[in-house]
Structures are given as C-alpha cells and as structure tokens.
Amino acid sequence: MSLRHAVLGLLSEGPASGYDLMKTFDVSLANVWPATQSQLYSELGKLADAGLVSVVAEGPRGRKEYAITQEGLTELRRWVTDVEPTKVMRSDMLLRVFFLAQVSPEQARDYLRRKADEAVESLEHLQSIREFVESGTDNLSVYGRLAMEYGLRLAAAQKEWADWAVERIH
C-alpha cells in the first residue's frame, strides 16, 4: 500500500499530472520507494476510483491533472500516524553471509567487497542529489532531507560493516 500513500503524499503538496508525479518521484521518492510509470498510472486510477484523488483538469493527448481529495488527505494522515511500518525481516544478502563458508575465502571476500562497492555507489548517488534536495524549501525538500540523511548514514554503515567483515575472513 505504500505506493498509494506515496502518490497521496505527493499530491498533498499540490495538483499534478501523472507525468509530473513521475518526474517528482524520480528525483525524490525513487531512492526510498521506486515505481514504474505503469505502476504510478495504475495507482492513480485506483485512487480516483476510491475517491481519494480527483481529476481537476484535462489537457491535450489525454493529460489529466489530479488533486488529493479531503478523503485522500484523511487517509494519508491516518497512514502516517496510525499504521505501523512494515518491518522487513528477510535479507537475502545476510542469508548469503551465513553461508559464505561454502565458498572459498577469496570468493567470500569478493562478495563482501561487492557489498562495500554497492554501498559506495549508493553514497555517491545520494551525494550527487544532495545539493538539489537541500536547495528546496518546500515540504518535499525539507522532509526529503531527513530521508536522504537516513540513506547516507545507512550506506556509510553498510560500507563500514562490509570492510570490517572482509578483514574477518581468512
């Protein structure tokens, strides 16, 4: 249900077309909750059917601009404050770590080095958008900074852990 709430959250900042939402998604939420164009448009249809958003303008080539309804805003607020986030209890990456003894030490270290490299890539990506995120003063920018900082700290910790783990394999 998080895509539903991501769309409601974006529309809570103002009306937007599916195209505009996808652009905003790509520069803000894609790091947290990626979505494809088809998923986004499908969700907009479901939200409209449920009365959580409405079409407020139509343009050329079937372009529709959507706005959140009062019911949609109520649902977004309920979800933000009352619904506990899903706690992911599975990690296929860590499951592999448990079984690294089944490969050679060099293969195990290579696996962990790849995890460190992936963390560096994540850090670099977040650093590359940092200036853009920090330049805004709208709600998505202000609270996006909080989410971005979480991602930066998590990636740094993942790299530190992977480097540490490589040193433990002999």
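Residues numbered from 1 in each chain as written. Predicted model: local features only at pLDDT ≥ 70, side-chain atom pairs only at ≥ 80, totals over all residues. Heavy atoms only, no water.

1. Overview of the confidence of the model for the chain
What counts is decided by this rule: Residue-level confidence of the predictor, termed pLDDT, takes values from 0 up to 100. Where helices and strands are cited, they refer to DSSP runs of H or I of at least four residues and of E of at least two residues respectively, numbered from the N terminus.
Taken over all residues, the pLDDT of the chain has a mean of 92, while the share at 70 or more is 99%. Least confident of the elements in the chain is helix H2 (residues 18-27), whose mean pLDDT is 90; most confident is strand E3 (residues 64-68), at 97.

2. A word on the environment of Trp 33
Mapped onto the elements, Trp 33 comes out in the loop between H2 and helix H3 (37-49). With 31 residues separating them in the primary sequence, Trp 33 and Ser 2 have C-alpha atoms 7.9 Å apart.

3. A few points about the pattern of salt bridges
What counts is decided by this rule: Within this document, salt bridges are pairs made up of a side-chain nitrogen of Lys or Arg and a carboxyl oxygen of Asp or Glu, the two lying within 4 Å of each other. For every residue, the accessible area obtained with a 1.4 Å probe (protein chains only) is divided by the maximum for its type, and the residue is called buried under 20%, exposed over 50%, and partly exposed between those limits.
Here the structure, examined in full by the defined rule, presents 13 salt bridges. One salt bridge in this structure joins Glu 106 and Arg 113, with 3.1 Å as the shortest N-O distance. Taking the shortest distance from any N to any O, the salt bridge between Glu 134 and Arg 130 comes out at 3.2 Å. Within this pair, Glu 134 and its partner Arg 130 are both found in helix H6 (residues 105-135), separated by four residues, close to a single helical turn. By relative accessible area, Arg 130 is classed as partly exposed at 24%.

4. A look at the pairing of strand E2 (residues 53-58)
The test is simple: What makes two strands pair is DSSP finding at least two bridges between them.
The pairing of E2 with E3 spans five bridges and is classified as antiparallel. The residue of E3 that forms the bridge with Ser 54 is Ala 67. Taking the residues that link successive antiparallel strands as the turn, the E2-E3 hairpin has five residues, and the phi of Arg 61 there is positive, at about 55°.

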